[in-house]
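# An overview of the molecular structure
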Amino acid sequence: MSVTRWEDDASVWTGPSYVDQAIAYHPDVSSAPVAGRIITCVDVVDWDGDGGRDLLLSSWDTCYEGRVFVYPQIGTKPDGTPILGGEQIVEGVRGYVTAVRDGDRFHLLSVSRMRRQIYLFPNTGTAREPRFGNPVVLDLEADWVKGNEYFHMARFHDIDGDGVPELVVGTDSWDDYWPNGLEWNDVGYRAYDAAGRWLGGPLRGFLYAFKNTGTLSAPVLGRGRPVLGGETPLEVYGQCAPAFGDFTGDGRDAVICGEFWNILHFARQTGPSAFEQPKLVADTAGAPVLLDQCIHLPCAVDWDGDGRLDILVGAEDGYVTFLRNIGTGPDGRPAFEKIGRVEGVEPSIHAGVLPSPAAHDFSGNGLPDLVVGNSTGELLFYENLGPREAPGLAREVMIEAGGKPVRIAAGLTGSIQGPSEKMFGYSCPTIADWDGDGLPDLLVSDVNGHHNFYRNDGGRVPPRFEAPRPLTWQGKPLKTVWRVRPAVIDWLGDGQLHYLALDEDGVLSDFRRASDTELADKRHLRWEDGTQMRFTQDVGGGRGRVKLCAVDWTGDGRIDLVIGTHARASVPPGPAGQPRNTTGQAGIFLLKNIGSNAEPAFAFPKAFRFRGETIQMAMHVASPEAVDWDGSGKLGLLVGVEDGSLVWLKRDDLSW
């Protein structure tokens, strides 16, 4: 069975850039994690010929700002790892990119889900000044295991030992994954049975070797064949991403493979294009090294200069994690220690991916601080260090609840998109004094469509919270569509709080707060024509995803809604709904309250424009928070963009 996925017709997103509006760290922040935007491929190369270990990061090019970056080594830390400078953009190259070393130079190899070819960008420059021309297009034929596989990541490596590097390609197949061939937003899609068992199959990823009889700058490739892992083709759980090296110092090559889940696989080479059955990358005790997110793309490098090959691994959340090789474990395999995220000294704010910000002055200094959720399910706190007219943020810290860092995850049965998303959380916070004690609390929705109350435990900066308690409706935990940022509203200014969310059918619903955890008196809010407010024509996992912000935007005393949507939303539903049937990209819309606060009714959406251009923020999300960020006395929009940036759009630059 051949499955056609949306990437087959996708193109690189184009439209306005918001880079100049990105919120930055305060100058006091001297170091923070580097990031390659959404889904990061990592490699290490001497980019400028000075002998350094420069970091090459690239991103999924079907999303916003899918670019290629270099972070140059500008020094060495006491632990032997590089000090990385500010990012530099590599123009003209996109996709997951690895370096192909060729004498004193290197070329760039690019893989994209949006094309069926691999691109090789020959280096026409010098060892100190690389320059890349038009790509050599590599059309591949192989004895495919599945026959409908996407190229995921590629490297040149001498896998057969003849001294000439072959092209080695990791693939990704979804054909067996979706139940009955129906994807997450298809009519009739059903993810789990009554016992919570996944009704589909596994993701599958394989490794292929293509004999090269040409050169590295002009390859001539033979028919590809599966690389063996034991007696069968080497296979991992989707999105196979290989890296090669001698990790034990015994002169014997091995492969490290990333996959969709939060683990890595290790296998020693046993012969030409053949490896042992892979085992999980482990620590000295033999326990698997568990990573923080999913979709991992590794590289092999002696990152700390101790003579042993370490692992750097990029992930869905954009960050790069350093796994230090700490010697040989009891089974003769290399053992690794997870050190943490790789940092640079000229950092840009990266709040994970799909960030959802909420603003409140926690410190009491008159400056709004931020709590940000993201796809990883974290809640990050950013203290506003000022100055008021151009705020800079302190380095993020993970918010703790009940004494533990918040990390929401779907597990094997929590995501409507299936067990592949077990590490996703999609935390969407809003801030309100929910229990009336004068302290700001958190109300958070997530990947499961659950809603939790995090009571403020008295902390100021960073704030502390009690362990979450679920909001309930009709005696049961509230369960709605997923990935919706809720809103809290005091419609009449009488202290009676209401909770705004999309219900299990995707209809905008208003609940009255009956107690700290109980909701009552549900009502559906309505458009100006009296119809219920829905935000898409999709079903299943296509519903939800909307970010709600309740605010008197127009200054007439009535509470309006500012909403952020994903690219496939259609507001209101139907063939003319925005943005699906207009810009085709995530957008931000004003829903003006043309009723009253007692009986609200909302005008059909008006798209926000920034400096005259309709806001377009690519695929997954545009998450707005209305706030006076710069002390101007005017509400503007602070927006979380899917690439992990937070941007500030001044009211004077907005129209609608």
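Let me begin by describing the structure that accompanies this report. (Residues numbered from 1 in each chain as written. Predicted model: local features only at pLDDT ≥ 70, side-chain atom pairs only at ≥ 80, totals over all residues. Heavy atoms only, no water.)

### Focus: the overall build of the protein
For the protein, the helix and strand inventory stands at zero helices and 57 strands. By the compact-globule yardstick of 26 Å for 656 residues, the protein fits well, its C-alpha radius of gyration being 25 Å. Seen through its C-alpha atoms, the protein measures out along the principal axes to roughly 80 × 55 × 50 Å. For the protein, with 656 residues in total, the buried portion stands at 59%. A fraction of 56% describes how many contacts in the protein between residues 6 or more apart in sequence connect residues 24 or more apart. Carbon and sulfur atoms make up 48% of the accessible area of the protein, which totals about 23700 Å². (Helix = DSSP H or I, 4+ residues; strand = E, 2+ residues; numbered from the N terminus. Rg over C-alpha atoms; globule rule 2.2 N^0.38 Å. Buried < 20%, exposed > 50% of the residue type's maximum accessible area, 1.4 Å probe, protein only. Contact = heavy atoms within 4.5 Å. Areas by Shrake-Rupley, 256 points an atom, 1.4 Å probe, with all protein chains shown as cover.)

### Some points on the sheet that holds strand 47 (residues 560-564)
The strand order 46-47-50-51 describes an open sheet built from four strands, whose pairing is antiparallel. Single-partner strands in this sheet number two, and they are strand 46 (547-551) and strand 51 (606-607). Two elements, strand 47 and strand 50 (residues 588-591), share four bridges in a ladder whose sense is antiparallel. When the bridges of strand 50 are listed, L561 appears paired with L591. (Pairing = 2+ DSSP bridges.)

### Section: the packing of aromatic side chains
The tally for this structure, following the rule as stated, stands at 29 aromatic pairs. Ring centres of W178 and Y189 lie 6.1 Å apart, and the angle between their planes is 70°; on these two criteria the pair is classed as edge-to-face. With W178 in the loop between strand 13 (166-172) and strand 14 (205-210) and Y189 in the loop between strand 13 and strand 14, the pair connects residues that are 11 residues apart, well separated along the chain. Among the residues examined, W178 registers a relative accessible area of 6% and is labelled buried. When the ring of F424 is compared with that of Y426, the centres are 5.3 Å apart and the planes differ by 25°; the resulting orientation is stacked. F424 sits in the buried class, given a relative accessible area of 3%. Its guanidinium or amino end placed over the ring of W261, K422 lies 4.1 Å from that ring's centre, counting from NZ or CZ. (Phe/Tyr/Trp six-rings, centres within 6.5 Å; stacked < 30°, edge-to-face > 60°. Lys NZ or Arg CZ within 6 Å of the ring centre and 35° of its normal.)

### With respect to the sheet that holds strand 57 (residues 654-655)
One open sheet holds the three strands; their spatial order is 53-52-57, and the pairing between them is antiparallel. For this open sheet the edge positions go to strand 53 (613-614) and strand 57, each flanked by a neighbour on one side alone. Bridge analysis of strand 52 (residues 609-610) against strand 57 gives two bridges, and the strand direction is antiparallel. Along strand 57, the bridge assignment pairs R609 with S655.

By themselves, these observations are geometric and do not establish any function.
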